[in-house]
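Summary of structural features
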Amino acid sequence: MESKLVFGRISEHIHVQLFLSFLKVGFFMFGGGYAMIPLLERELIEKKKWIDKGELLEIISFSQMTPGTIAINAATHIGNTKGKALGGVVASLGIIVPSLLIITILYYVAGNHFESDIVQKAFTGIRACLVVMICRSVYTLFRSGMRGSISYVFFLLALLALFCGAHPILVIVTGGISGFVIWKWFGHRTKKASI
Amino acid sequence: MIMDLLTLIWVFFKIGLFSFGGGLTMVPLFIIEFEKHGWMTSDRFMDVLSLAQMTPGAIAMNSATYVGNSVAGVTGGVVATGALAAPSVIIMLLMSRFLMKVKEHPIKEAVFGSLKPVTIALIMFAGLQIGENTFFGDTFTNIRWKVIGIALFIAVCQYGLKKINPIFLIVLSAIAGVLVL
């Protein structure tokens, strides 16, 4: 009875929740990078309500400009806003622990023979699933993140630049600077159109 | 042993500090450093990379754990992964504080207002790239219908069950892949 009470209290603690949430994301994060966005949407926006869609987009664009993987950056930032610096560290640990556990076990168990046929098939299936999930994320983010016709101009220009082979960091930095310049020049008008 | 661990920390911290734009940009840095220290040939690292892509977790972290293990055992794996994550955790903690401070500032609103559609474009482009590699073989005429079938099946599941958990979809698609492909 008493131990149940203690456990209940521990699991309600924000740092424990941060760790567990990101641990869950880490364990099911296949394909790396953008593939984690559907998982983050579900866990952080829909379930825990820690951030909204706009904040998720901010975190992603910020992660691209700072060193390291998107997963760790997102975990650190959200952890920090919810549970100070310790929260940031704990959330990042949650993302790292699955890699450590799974790869260490595979290193000693599978050794050099990890090119199995079944794993390959399962992974191809997962990749098909990732495409579908990313499509849905793009759709929901599109509905919340696009405001005013200038958003569509930015969106199309960025997509065009990427298709022409521009580096993502260059695209983001250019986008941010032009946002600033437009605000500086047409401050009031664009504010009404709320870019 | 201690020297191996210190070298691991130094190498992975350095890579973590200078890799902008996510996991795959680290690959060339990994190869240069591993060959320099004689830890792994680039051929062997390509095998490790495909393992890292097929297992959950960030690709760069997975590679670091594997290489760390091969250099200095379990401790090496932990140390290498920690050292790779450390720079981004430290930098992001500082940035995060800055972001919270400027939360409602008009300049920040302006910059992120234009960054949002750009970021959506980036995500969409990443999705298209994964789709291209998954649904087509070496050429665009080589269409993999079975894989497209799995994607349609997942899309129907996702549409039919509104509050479906993405984890469930991932497990489902893995099973479908083993059964159908």
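Residues numbered from 1 in each chain as written. Chains lettered and ligands numbered in written order. Predicted model: local features only at pLDDT ≥ 70, side-chain atom pairs only at ≥ 80, totals over all residues. Heavy atoms only, no water.

A look at the overall build of chain B
- Tallying secondary structure elements over chain B gives seven helices and zero strands in all.
- Beginning at the N terminus, the succession of helices and strands in chain B can be written as α-α-α-α-α-α-α.
- Taking 181 residues into account, the globule formula puts the C-alpha radius of gyration at 16 Å, and chain B, at 20 Å, lies well above it.
- Principal-axis analysis of the C-alpha atoms gives chain B an extent of 55 × 50 × 30 Å.
- Put simply, chain B has 181 residues, and 50% of those count as buried.
- At a minimum sequence separation of 6, the contacts of chain B that also span at least 24 residues come to 42%.
- Surface exposure of chain B reaches about 8500 Å², of which carbon and sulfur atoms provide 71%. (Helix = DSSP H or I, 4+ residues; strand = E, 2+ residues; numbered from the N terminus. Rg over C-alpha atoms; globule rule 2.2 N^0.38 Å. Buried < 20%, exposed > 50% of the residue type's maximum accessible area, 1.4 Å probe, protein only. Contact = heavy atoms within 4.5 Å. Areas by Shrake-Rupley, 256 points an atom, 1.4 Å probe, with all protein chains shown as cover.)

Remarks on the UniProt feature "transmembrane region" (unreviewed entry) in chain B
- UniProt marks residues 6–32, 44–66, 78–99, 111–131 and 143–161 of chain B with the feature "transmembrane region" (unreviewed entry), using the numbering shown here.
- Secondary structure across residues 78–99 of chain B comprises 100% helix and 0% strand; the distance between its end C-alpha atoms is 30 Å. (UniProt positions renumbered as here; feature names shortened; annotations may be inferred.)

Notes on the confidence of the model for chain A
- This prediction gives chain A a mean pLDDT of 83; 88% of its residues lie at or above 70.
- In the model, residues 190–195 of chain A has pLDDT below 50 throughout and makes twelve contacts with residues more than four positions away in sequence or in other chains. (pLDDT = per-residue confidence, 0-100.)

Notes on the state of the cysteines
- The final tally for this structure, using the stated rule, is zero disulfides over all chains.
- Summary of cysteine pairing: Cys157 of chain B is not part of a disulfide, and the nearest cysteine sulfur, belonging to Cys129 of chain A, is at 9.2 Å.
- Judged by its relative accessible area of 14%, Cys157 of chain B is buried. (Disulfide = S-S within 2.5 Å.)

Remarks on the interface of chain A and chain B
- Facing 89 residues of chain A, the contacting portion of chain B comprises 93 residues.
- When chain A packs against chain B, close to 8500 Å² is buried across both sides, 77% of that on carbon and sulfur atoms.
- For the pair chain A and chain B, the number of links is zero salt bridges.
- The interface formed by chain A and chain B holds ten residue pairs in polar contact (both at pLDDT 80 or more) in total. (Buried area = accessible area lost by both parts, 1.4 Å probe. Salt bridge = Lys/Arg side-chain N within 4 Å of Asp/Glu carboxyl O. Polar contact = N/O pair within 3.5 Å; in protein donor to acceptor, adjacent residues only side chain to side chain.)

A few points about the domain arrangement of chain A
Residues and elements named next belong to chain A.
- We note that the domain assignment places domain 1 (2–145) and domain 2 (146–195) within chain A.
- Each partner contributes residues to the interface: domain 1 has seven residues there, and domain 2 has nine residues.
- Taking both sides of the interface into account, the surface hidden between domain 1 and domain 2 amounts to around 640 Å²; carbon and sulfur atoms contribute 69%.
- Taken together, domain 1 and domain 2 are joined by zero salt bridges.
- For the pair domain 1 and domain 2, the number of links is one residue pair in polar contact (both at pLDDT 80 or more). (Domains from an automatic or database assignment.)

Regarding helix 5 (residues 106–135) of chain B
Residues and elements named next belong to chain B.
- Taking 1.5 Å per residue as the helical rise, helix 5 with its 30 residues ought to reach 44 Å, and the 43 Å between its terminal C-alpha atoms agrees with that figure.
- By the largest-angle criterion, Lys116 marks the main kink of helix 5, which is about 25°, and a proline, Pro117, follows within four residues.
- Most of helix 5 is tucked away, with 21 of its 30 residues classed as buried. (Expected span 1.5 Å × (residues − 1). Bend = angle between axes of the 7 residues up to and from the residue.)

Let's talk about the pattern of salt bridges
- One pass over the full model with this rule turns up four salt bridges over all chains.
- When the shortest N-O distance is used, the salt bridge between Asp117 of chain A and Lys121 of chain A registers 3.8 Å. Linking Asp117 of chain A with Lys121 of chain A, this pair stays in helix 6 (residues 117–145), spanning four residues, or about one helical turn.
- Lys121 of chain A gets classed as partly exposed once you look at its relative accessible area, which sits at 26%.
- Between Lys14 of chain B and Glu33 of chain B there is a salt bridge, and its shortest N-O distance comes to 3.2 Å. One end of the pair, Lys14 of chain B, is in helix 1 (residues 2–17); the other, Glu33 of chain B, is in helix 2 (residues 27–37), with 19 residues separating them in the sequence.

Side note on the nonpolar core
- Among the nonpolar cores identified, the biggest contains 108 residues, and Phe22 of chain A together with Phe12, Phe30, Trp39, Phe45, Leu84 and Ile123 of chain B are the most heavily contacted of them.
- The greatest single-element share of this core, amounting to 16 residues, is contributed by helix 4 (residues 59–101) of chain B. (Core = buried A, V, L, I, M, F, W, Y, C linked by side-chain atoms within 4.5 Å.)

A closer look at the UniProt feature "transmembrane region" (unreviewed entry) in chain A
All names here are of chain A.
- The sites that carry the UniProt feature "transmembrane region" (unreviewed entry) are, in the present numbering, residues 20–40, 85–110, 122–142 and 154–183.
- Across residues 122–142, the secondary structure splits into 100% helix and 0% strand, with the terminal C-alpha atoms separated by 30 Å.
- Taken as a whole, residues 154–183 contains 87% helix and 0% strand, while its terminal C-alpha atoms sit 14 Å from one another.

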